[in-house]
Amino acid sequence: MSVSAPPSPAALGNRPFRLTVPPVSGVLRPRLLLTGVGVAVGAFLLFCWGLTIGDYPVAFTDVIRALWGSGDAGTVIVVQDLRLPRALVGLLVGVAFGVSGAVFQTMTRNPLASPDMIGLTEGAGTAVVAAVVLGWTGGLGLSTLGLLGALVTALLVYALAWKGGATGYRIILVGIGVSWICSSATNFLVARGNRFEAEAALGWLVGNLNGRTWGQVDSLAIALAVLLPVTLGMGRWMRTLMLGDDVAAGLGTPVQVVRLALLLAGVGLVAFGTAAAGPVAFVALACPQIAQRLAGTSSPPPLVSGLTGAFVVLGSDLLAREAIPGTELPVGIVTGALGAPVLLWLLIRVNRAGSGG
Amino acid sequence: MSTTDPRAPRTPESPVPGPELRARNLQLAYDGRVVVENLDLSVPTGRITAIVGANACGKSTLLRALARLLAPRQGVVELDGVALRSVPTRELARKLGILPQTPVAPEGLTVLDLVGRGRSPHQTWWRQWSTADEEAVHAALDATNLTELAERPVDELSGGQRQRAWIAMAVAQGTPVLLLDEPTTYLDLAHQIDVLDLITDLNRHEGRTVVMVLHDLNQACRYADHVIAMKAGRIVAEGAPADVVTEATVEDVFDLRCRITPDPVSGTPLVIPLGRHHHDGNSRTEDAVTTR
Amino acid sequence: MASGRRLRTTVLVTLVVALLVLLSLLSVALGALSVPLDQVVRSVLGHPPSRLIDNVIWSVRVPRTLLGLTTGAALGLSGALMQALTRNPLADPGILGVSAGASFAIVLAVGVLGATSLYGYVWFAFGGALVASVVVFFLGRLGRSGATPVKLALAGVAVTSLLQSFTSAIVLTDQDALDRYRFWSAGTLADQDSGDLVRILPFLAVGAVLALSCAPALNSMALGDDVAASLGRRLGLVRLQGVTAVVLLTGASVAVIGPVVFLGLVVPHIARVLAQWVGIGPDYRWLLPLSAALAPVLLLSADILGRMVDRPTEIQAGVLVAFLGGPFFIVLVRRRKLAEV
């Protein structure tokens, strides 16, 4: 069998090279690896930085000591009970939304797809606002209610879209209808309540890392521990799905099973992320695209998208806390404001390549 | 290659007989509408089979059923005597490869990547790029003459090159049976011949069984060993091109009157359509002369 | 036109007009203080039974009904137009950033500029809507091939997100802005300054004329850009005209009654289904006026329901539009009556 000369190294950035160590073999993509490591390191740095700033600035070395429980008691409380959960939630939420966005965009083969399109986040919002304004808590925390709202909405959308099967397109259409109903309900409740309730509700609706507790970290961490391996494990199959359902089936991908699993994982990630921090704007839409462009892959890379999400959320949170002295803005405001230029850059760049529009 | 008699017995380099693909009593439906009914088919192993017919006669539907992309409402498709639906997915992907109509590659995907994806039925998550995989990809690129273009994004190639890239992916998949749905649509003539010649190579040199849906009857006659003519979901005629493509069958299947003459280059039937302006006993140029 | 079609069309038109008249009367009659219909008619004819009723009818109900009729028609029309321009059945007029622009402007006026009076809001809101859509339109035109549907949608999403962020930032730091914003963003016909309708009427009129005159060109464009061009349509000009109409109609309406843009999403689909049933088919010369006529039906119904369901408090019309229109939309989706995306 003839083996011709390897392709030219000019395109080294994208070229996978083989690493064979029997019996394990794989493909390394240097640019993807570099991007992943870079973003991870960046996120880590932002994480550490975030622990030091706030109403009581804490030096980094003191932060480390406080993490182990030694040093000034007040500092320990601030770091362990306030800052650490907040930073962790920011990190995990970023990962959850980033991965979920990559999943949705791969499944629909559409760079504009986003989990918000199917009404989950609006449903979570309605549940939380109903709790805040009407007092319907049933003894559950806001996070749990948000989670329930998201999951119930997801089930509702799926059930309504089911007619001997649920095509992606019908799910989106039904999702749009349901999300309008939910957001109208939310608007109604916000107008009904008094000022303080309205402010609290809107504060949650915009995406917020303030006052996050260890409880939220735990539930989010468990969710990620379960859903992330499932999603990442299907990475190979996700790549074949990008070639079209028929080709993927011909290549041995169990298409229906994979689609369902990805849908469930994507929904789960969004639901838990929204429950923890509210619907943080734009992370799920923009981060997979950023990750894809940086890494030079042909589809949004799930893990790196997650890491990019973490980077963006943590960075935005820092900006939100420090930008206006004296006030802390919710993180969702910054991600929303940053997301716009990213989208515009996508818009322009896609057009330059001539394949947009 | 053009000087050999196309109907001479072929001796592929790897003479191991491929799997047998057959359909029994098949009924296929789309959205509740029955498209194919009562169909029996036995695909000749190691040969090139072309399915022809007018639009919406069910030929693509049949191909999809053979590829297990569509579950039959009744009847069964069997591979080596085992019903398709019972074959595990990965195993099927190692035996049957399909190239659907106008496949779309994601932006930025290189030829090398695309062909590499063809190896996925042979890969496990700990063995993602074995020596066999690398060799198969290089061989596929070689066979389709795409080695120089391996680094280029698929969406930047010409139509013919792109189709060759997809065929290379199917080749790398290493299946003994290849199903192709209209592989020459939207290609210009030179590229159509290029692709069909490539498919013939795959059959002659490697003994792969090929089933392709073609809409050009003359190409089907030239390149196929076995022609299946379909009309309204049923097989009207099947067999060697010379036996199937007759004036009567063409009129029945395509609603087109024609004259059949042997192709001066390949010897296979050449369909010469008759229409309102060109038919026996009259022709447009005569018209023009008389009216001037 | 086949006679069967002509008959069915006449029936449809008559029904819609009758429905509008009925709903208008009900809208005038019903509410926290319900006025029997005969007294309504007497008031209209100049013989009011009492000063209170006369006041209620002429200062409150009639302006409100008129507002519902005109802004409803405007939103329905602009929704149908938007879907035609973007060839996307999921487009609502808000995707050009109109609602986001209006809400940001209102919030800016109250929170930053300290405006306190009710009057003048409408100019801010309208101005904000206009500026936002102009920005979206120009951003969408960046790069080759002009303002295509996908690029417009992307630009709209980007600008909307940016404005929403700024709006949230102001709203969460300024109580007055929060109040004004939250009552406005549900979308309502209530408590509106009756002078506002007069103020926006010229814009609505111009917008309507521009929109309706696009209809023949839209029919050609539905066949694809290339076909339309070969039929002699000036694509860039038609799109500009269409977008201007959408901005005027939606911007002016949203400025007064708030972002009730779901109306513009749902009603054109209903219009299309009806047109198909009647036998007209996808002809924009009919679809545009039909959407314009059906939308007030939904809006007024929502408004009337909102007044009656929880008397004497009111549920905002915008909320009920979604509650009524949403399930309807979903039913349409399930029956596969919607145009494929």
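The structure under discussion appears in the preceding block.
Note that the structure is a prediction, hence the values are computed from the model and not measured.

## Things to note about the overall build of chain C
Right, on to step 1. From N to C terminus, chain C includes 14 helices and zero strands.
Right, on to step 2. Along chain C, helices (α) and strands (β) appear in the sequence α-α-α-α-α-α-α-α-α-α-α-α-α-α when read from the amino end.
Right, on to step 3. Against the 2.2 N^0.38 benchmark of 20 Å for 341 residues, chain C shows a C-alpha radius of gyration of 20 Å, consistent with a compact globule.
Right, on to step 4. Projected onto its principal axes, the C-alpha positions of chain C cover 65 × 60 × 35 Å.
Right, on to step 5. Going through the 341 residues of chain C one by one, you find that 55% of them count as buried.
Right, on to step 6. Long-range pairs, those at least 24 residues apart, make up 75% of the contacts in chain C between residues at least 6 apart in sequence.

## A look at the environment of Arg-234 of chain C
Right, on to step 1. Within the secondary structure, Arg-234 of chain C is located in the loop between α10 (225–230) and α11 (235–257).
Right, on to step 2. For the pair Arg-234 of chain C and Ala-217 of chain C, spaced 17 residues apart in sequence, the C-alpha separation works out to 8.6 Å.

## Some remarks on the sheet that holds strand β2 (residues 33–43) of chain B
Residues and elements named next belong to chain B.
Right, on to step 1. The strand order β2-β1-β4-β5 describes an open sheet built from four strands, whose pairing is antiparallel. Unpaired on one side and paired on the other, β2 and β5 (82–83) mark the two borders of the sheet.
Right, on to step 2. Pairing of strand β4 (residues 74–79) with β5 involves two bridges; the strand directions are antiparallel. The residue bridging Leu-79 from the neighbouring strand is Val-82, located in β5.
Right, on to step 3. Against the sheet, helix α1 (residues 59–66) makes contact with β1 (21–30), β2 and β4, and its axis sits at roughly 120° relative to β1, the strand it touches most.

## Focus on the interface of chain A and chain C
Right, on to step 1. Contact residues are listed per partner, giving 45 residues for chain A and 54 residues for chain C.
Right, on to step 2. For the pair chain A and chain C, the summed buried surface comes to about 4200 Å²; carbon and sulfur atoms form 70% of the total.
Right, on to step 3. Applying the counting rule to chain A against chain C returns two salt bridges.
Right, on to step 4. Counting across the chain A and chain C interface gives twelve residue pairs in polar contact (both at pLDDT 80 or more).
Right, on to step 5. Examining the composition of the side of chain A that touches chain C, we find that 16 residues originate from one element, helix α6 (residues 168–192) of chain A, more than from any other.

## A closer look at the pattern of salt bridges
Residue and element names in this part refer to chain A.
Right, on to step 1. This structure, assessed with the given rule, holds 21 salt bridges over all chains.
Right, on to step 2. Measuring nitrogen to oxygen at the nearest pair gives 3.2 Å for the salt bridge that ties Asp-317 to Arg-321. Taken together, the residues Asp-317 and Arg-321, both in helix α13 (residues 302–322) and four residues apart, mark about one turn of the helix. A single burial state applies to Asp-317 and to Arg-321, both of which are buried.

## A closer look at the arrangement of the chains
Right, on to step 1. There are two pairs of chains in contact here, and the one with the most contacts is chains A and C.
Right, on to step 2. One thing to see here is that chain B and chain C don't touch, and their nearest C-alpha atoms sit 12 Å from each other.

## Re the nonpolar core
Right, on to step 1. Membership of the largest hydrophobic core comes to 175 residues, with the highest contact counts inside it found for Leu-96 and Leu-218 of chain C.
Right, on to step 2. Top contributing element to this core by residue count: helix α13 (residues 284–309) of chain C, with 14 residues.
Right, on to step 3. Residues in contact with Leu-96 of chain C, not counting those within four places in the same chain, are Met-82, Ala-132, Ser-133, Val-136, Leu-152, Val-243, Val-246 and Val-247 of chain C.
Right, on to step 4. Judged by nonpolar contacts, the second largest core, of 55 residues, contains Leu-109, Leu-198, Met-212 and Cys-221 of chain B.

Criteria and cut-off values
- Residues numbered from 1 in each chain as written.
- Chains lettered and ligands numbered in written order.
- Predicted model: local features only at pLDDT ≥ 70, side-chain atom pairs only at ≥ 80, totals over all residues.
- Heavy atoms only, no water.
- Helix = DSSP H or I, 4+ residues; strand = E, 2+ residues; numbered from the N terminus.
- Rg over C-alpha atoms; globule rule 2.2 N^0.38 Å.
- Buried < 20%, exposed > 50% of the residue type's maximum accessible area, 1.4 Å probe, protein only.
- Contact = heavy atoms within 4.5 Å.
- Pairing = 2+ DSSP bridges.
- Axes fitted to C-alpha atoms, helices over the stretch in contact; angles between N-to-C directions.
- Buried area = accessible area lost by both parts, 1.4 Å probe.
- Salt bridge = Lys/Arg side-chain N within 4 Å of Asp/Glu carboxyl O.
- Polar contact = N/O pair within 3.5 Å; in protein donor to acceptor, adjacent residues only side chain to side chain.
- Core = buried A, V, L, I, M, F, W, Y, C linked by side-chain atoms within 4.5 Å.

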